[in-house]
Amino acid sequence: MRIVVIGGTGLIGSQVVKRLAEHGHDAVPASPNSGVNTLTGEGVEEVLKGADVLVDVSNSPSFADDDVMNFFTTATTNLTQAATEAGVGHYVALSIVGADELPESGYLRAKVAQEELVRESGLTFSIIRATQFFEFAGAIANSAEVDGAVHLPHGGVQPVAASDVAAVVARTAATEPVAGVLEIGGPEEFTMDGWIRTVLTHRGDEREVVGDPRAEYFGTSLTGRQLVPGEGAQLQPTSLAEWLAAGN
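Note that the structure is predicted; figures quoted are calculated from it, not measured. (Residues numbered from 1 in each chain as written. Predicted model: local features only at pLDDT ≥ 70, side-chain atom pairs only at ≥ 80, totals over all residues. Heavy atoms only, no water.)

Section: the sheet that holds strand E1 (residues 2–6)
With respect to topology, seven strands assemble into an open sheet ordered E2-E1-E3-E4-E5-E9-E12, the strand pairing being parallel. What marks the edges here is a single partner per strand, and that holds for strand E2 (26–30) and strand E12 (234–235). Judged from the four bridges that link them, strand E3 (residues 53–56) and strand E4 (residues 90–96) form a sheet pairing that is parallel. Within E4, the residue paired with Val-55 across the bridge is Val-92. The sheet strands contacting helix H1 (residues 11–22) are E1, E2 and E4, and the helix crosses E1 at an angle near 170 degrees. The sheet contacts of helix H6 (residues 162–174) involve E1, E3, E4, strand E5 (125–130), strand E9 (180–185) and E12, and relative to E4 the element is tilted by about 160 degrees. (Pairing = 2+ DSSP bridges. Helix = DSSP H or I, 4+ residues; strand = E, 2+ residues; numbered from the N terminus. Contact = heavy atoms within 4.5 Å. Axes fitted to C-alpha atoms, helices over the stretch in contact; angles between N-to-C directions.)

Brief notes about unusual backbone geometry
Unlike most non-glycine residues, Ala-179 shows phi in positive territory, near 55 degrees. Here Ala-179 lies in the loop between H6 and E9. Owing to a relative accessible area of 59%, Ala-179 belongs among the exposed residues under this scheme. One non-glycine residue, Phe-218, lies in the positive phi region at around 50 degrees. Tracing the sequence through the fold places Phe-218 in the loop between strand E11 (209–211) and E12. (Buried < 20%, exposed > 50% of the residue type's maximum accessible area, 1.4 Å probe, protein only.)

Quick look at the pattern of salt bridges
Where charged atoms of side chains with opposite charge meet at close range, the side chains can pair. What the rule picks out here adds up to 11 salt bridges. Across the pair Glu-115 and Arg-119 runs a salt bridge whose closest N-O atoms are separated by 3.7 Å. Placement of both Glu-115 and Arg-119 in helix H4 (residues 106–119) is noted, with a separation of four residues, approximately one turn of the helix. For Glu-115, a relative accessible area of 5% gives the class buried. In this structure, a network of salt bridges that share partners links the residues Asp-100, Glu-115, Arg-119 and Arg-129. (Salt bridge = Lys/Arg side-chain N within 4 Å of Asp/Glu carboxyl O.)

Overview of the side chain of His-25
Here His-25 lies in the loop between H1 and E2. His-25 sits in the buried class, given a relative accessible area of 19%. Here the side chain of His-25 touches Met-1 through a polar contact of 3.1 Å, landing on its backbone nitrogen. Contact partners of His-25, with chain neighbours within four places excluded, come to Met-1, Ile-3, Leu-20 and Ala-174. (Polar contact = N/O pair within 3.5 Å; in protein donor to acceptor, adjacent residues only side chain to side chain.)

This is the structure in structure tokens:
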């Protein structure tokens, strides 16, 4: 199949393209670097000609509330319209577990808006909701640093390896549509502060990680298990210990 991967040069997209190509598909990475700009619409119509599947794993270059909402609503509108006109048979979008349960976060509100546009497009679709990636641990720690200490909420998380996410996205793109939402996560549940503390300790990072009930995650409080996948989720095999042992 011809499968166009929007965001195909990023952390997830590059691995999706590689996996699809290894299985004999015509996997086309699309990004501003390749002349495809989903915000302006430049190159979108052209790249989707003859496509069987569109995979969207792109991300906003800015996480400011207005910017991220504009990115996901504008880009998804352009993509769904072009996909409809091109006769694309399957639209695969990567989203986030718990996005609709934490409306205080501007980023998560934008992901919910993206999902709604996909649902309302009339296209056959699969929405894959993933938990936080192991690869984000360092950035999360840096964003939460206050006076040399890392302040994070104590709510639950069940992070997952990016390689496992890419495998699910690629498999979904190459098989029958979910026609709904598939949740995926890693094999173990942690608290947010506990997960980041484990990673920093492994890396020899001496910053103290403080479980702080006032600390926010992407603009929202996190006291419960909103970011933990629900019953029926597909749990992926790579554990945090295995991921760290691999040199990450």
